[in-house]
Amino acid sequence: MNDNYNENTEAILPGVKPVAEHLASSPEQVDSVLIRKDKRGADITKITDLCKKHKIRFTFVQEQSLSKLFDGNHQGVIAKIFKAGFKSEDEVLAEALEAELPLVVVLDQVQDPGNAGTLARTIYGIGAGGMIIPKHNASFLGAAAAKASAGALGKLSVAKATNISRTLELAKKMGYFVYGAEYKEGAENLFKAKLHTPAVLVLGNEEKGIRPNVAKRLDVSLFIPMAHGFDSLNVAQAGAMMLSQFYAANCD
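Residues numbered from 1 in each chain as written. Predicted model: local features only at pLDDT ≥ 70, side-chain atom pairs only at ≥ 80, totals over all residues. Heavy atoms only, no water.

Once that is clear, we can look at the overall build of the protein chain. When you go through the protein chain residue by residue, the secondary structure sums to nine helices and eleven strands. Along the first, second and third principal axes, the C-alpha atoms of the protein chain reach 60 × 40 × 30 Å. Buried residues in the protein chain amount to 49% of all 252 residues. Put simply, 79% of the contacts in the protein chain that link residues at least 6 apart link residues at least 24 apart. Entry remark: accessible area of the protein chain is about 12,400 Å², with carbon and sulfur atoms responsible for 47%. In the protein chain, the 29 positive side-chain charges and the 28 negative ones have mean positions that sit 5 Å from each other. (Helix = DSSP H or I, 4+ residues; strand = E, 2+ residues; numbered from the N terminus. Buried < 20%, exposed > 50% of the residue type's maximum accessible area, 1.4 Å probe, protein only. Contact = heavy atoms within 4.5 Å. Areas by Shrake-Rupley, 256 points an atom, 1.4 Å probe, with all protein chains shown as cover. Lys, Arg positive; Asp, Glu negative; His and termini not counted. Charge placed at Lys NZ, Arg CZ, Asp CG, Glu CD.)

Encoded structure:
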C-alpha cells in the first residue's frame, strides 16, 4: 500500500501519481476517483483512461469537495479506496452458490455506511455468500462502514454493479430466487413465507426503499409484521431479521 494511504481518513488516497499507480496496480480496490474541475494534463488523462478501462466512476468536483476529504496536499486528485477489493458480480453470485447459506444481499442505494457495515457483519457472520452494491448512489465502504462491520468487510465478497436490475436478471439465470424487503399489497409475511435458496435479498434505500425498476425483478416481496403500531426498523435491523429466517429455512 502506498505511504499516502491513510486508514484514518476513510480510506482516502490523495495525489496524482499515487492515484494513477493504484489504478494501474490494484484497480479492484478503487471505489471512485474525484478530480478538481480545472485539473488537466497528461496525468489526468491517464487517470481517467484507467478509470474508463476498469469501469471505475470518476467525477470532476470543486476544490471544497476535495478539501473536505483531505486537508493536506491532494494535488487536485483523490481516490476512495476499498482496501479489501471488489469482485465482479458474476464472481460473487457464483461463489455464493457454494456458501454455507447460499444467499447474496443486494443493497439498492443504501446510503448510511453504518447500515452497510452492520449488514456486512451479519452477512458474513451468518455464513451468507456476499453483498452487491450499485456503482452510483451507494454508501462508501470506508472507515465508518469497516468499523461497523467489525472486520467483516475485509473478508466478505463484495461487488459493485452498474445496473442492479440486470444483476437480478443474471441471478435468476443462475438459479436464484429474488426476494425484496418491501411492504405493499401482495407482500408475504416474513415469518409465514416459504423461503427458498439460493436466494438474493434486496434491501432498499433508508427513506425511499427499493426503486420501482428494481422491484419489478423481485420474485417475492417480504414484510416484517410489527406489533403495537410500531413500524420503525432501520435497514440493518430489518436485514438481520430477514437473514435469520433464511438461515433457519436453509437448515430445515
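Read on for the rest.
Here we have four strands laid out as an open sheet, ordered β1-β4-β2-β3, and mixed in their pairing. Every interior strand has two partners, whereas the edge strands, β1 (12-14) and β3 (57-61), have only one. Put simply, the sheet's adjacent strands are angled 20° from each other on average, direction ignored. With five bridges connecting them, strand β2 (residues 30-36) and strand β4 (residues 77-81) associate as antiparallel partners. Along β4, the bridge assignment pairs S32 with K80. (Pairing = 2+ DSSP bridges. Axes fitted to C-alpha atoms, helices over the stretch in contact; angles between N-to-C directions.)

Moving on, we come to the domain arrangement of the protein chain. By domain assignment, the protein chain separates into domain 1 (3-81) and domain 2 (89-251). With centres defined by C-alpha atoms, the gap from domain 1 to domain 2 works out at 29 Å. Across the contact, eight residues belong to domain 1 and seven residues belong to domain 2. Interface area, domain 1 with domain 2, both sides summed: about 740 Å², of which 52% is carbon and sulfur. (Domains from an automatic or database assignment. Buried area = accessible area lost by both parts, 1.4 Å probe.)

The first and last C-alpha atoms of helix α5 (residues 113-125) sit 18 Å apart over 13 residues, in line with the 18 Å expected at 1.5 Å per residue. Taken together, the buried positions of α5 are occupied by N115, A116, G117, L119, A120 and I123. Taken together, the buried residues of α5 touch β5 (101-108), β6 (128-134), α6 (143-149), β10 (199-204) and α9 (235-251). Residue D112 occupies the N-cap position of α5, its side-chain oxygen lying 2.8 Å from the main-chain nitrogen of G114. Just beyond α5, the residue with positive phi is G127, at close to 90°. (Expected span 1.5 Å × (residues − 1). Polar contact = N/O pair within 3.5 Å; in protein donor to acceptor, adjacent residues only side chain to side chain.)

Inspection of every chain in the model, using the stated rule, returns nine salt bridges. K17 is the partner of E21 in a salt bridge, and the nearest nitrogen-oxygen pair spans 4.0 Å. Taken together, the residues span about one helical turn, with E21 and K17 both in helix α1 (residues 16-25) at a distance of four residues. For E21, a relative accessible area of 37% gives the class partly exposed. Relative accessible area serves as the criterion here: at 60%, K17 is assigned to the exposed category. With a closest N to O distance of 3.4 Å, D219 and K172 form a salt bridge. Of this pair, D219 sits in the loop between α8 (212-215) and β11 (220-223) while K172 sits in helix α7 (residues 164-173), and the two are 47 residues apart along the sequence. Residue D219 is classed as partly exposed on the basis of its relative accessible area of 41%. One salt-bridge network, in which partners are shared between bridges, spans R36, D38 and E63. (Salt bridge = Lys/Arg side-chain N within 4 Å of Asp/Glu carboxyl O.)

The next subject is the side chain of K160. The topology assignment puts K160 in strand β7 (residues 158-161). At 2.9 Å, the side chain of K160 forms a polar contact with the side chain of D31. Once residues within four sequence positions are removed from consideration, K160 is found in contact with D31, F86, K87, I133, P134 and K135.

Mapped onto the secondary structure, F60 falls in strand β3. For F60, a relative accessible area of 32% corresponds to the partly exposed category. It is 34 Å that separates the C-alpha atoms of F60 and G180, two residues lying 120 residues apart in sequence. Each residue touching F60, except ones within four places of it in the same chain, is listed here: I35, R36, K37, K39, R40, I44 and T48.

Here we come to the packing of aromatic side chains. In total, this model carries four aromatic pairs according to the counting rule given. Here the aromatic rings of F82 and F86 are separated by 4.7 Å at their centres, their planes lie at 40°, and the arrangement is tilted. With a relative accessible area of 12%, F86 lands in the buried category. Taken together, a centroid distance of 5.0 Å and an interplanar angle of 75° make the contact between Y179 and F246 edge-to-face. Of this pair, Y179 sits in strand β8 (residues 177-181) while F246 sits in helix α9, and the two are 67 residues apart along the sequence. Cation over ring: R40 sits above F60, and NZ or CZ is 5.3 Å from the ring centre. Above the plane of the ring of F140 lies K80, whose end atom (NZ or CZ) is 5.2 Å from the centre. (Phe/Tyr/Trp six-rings, centres within 6.5 Å; stacked < 30°, edge-to-face > 60°. Lys NZ or Arg CZ within 6 Å of the ring centre and 35° of its normal.)

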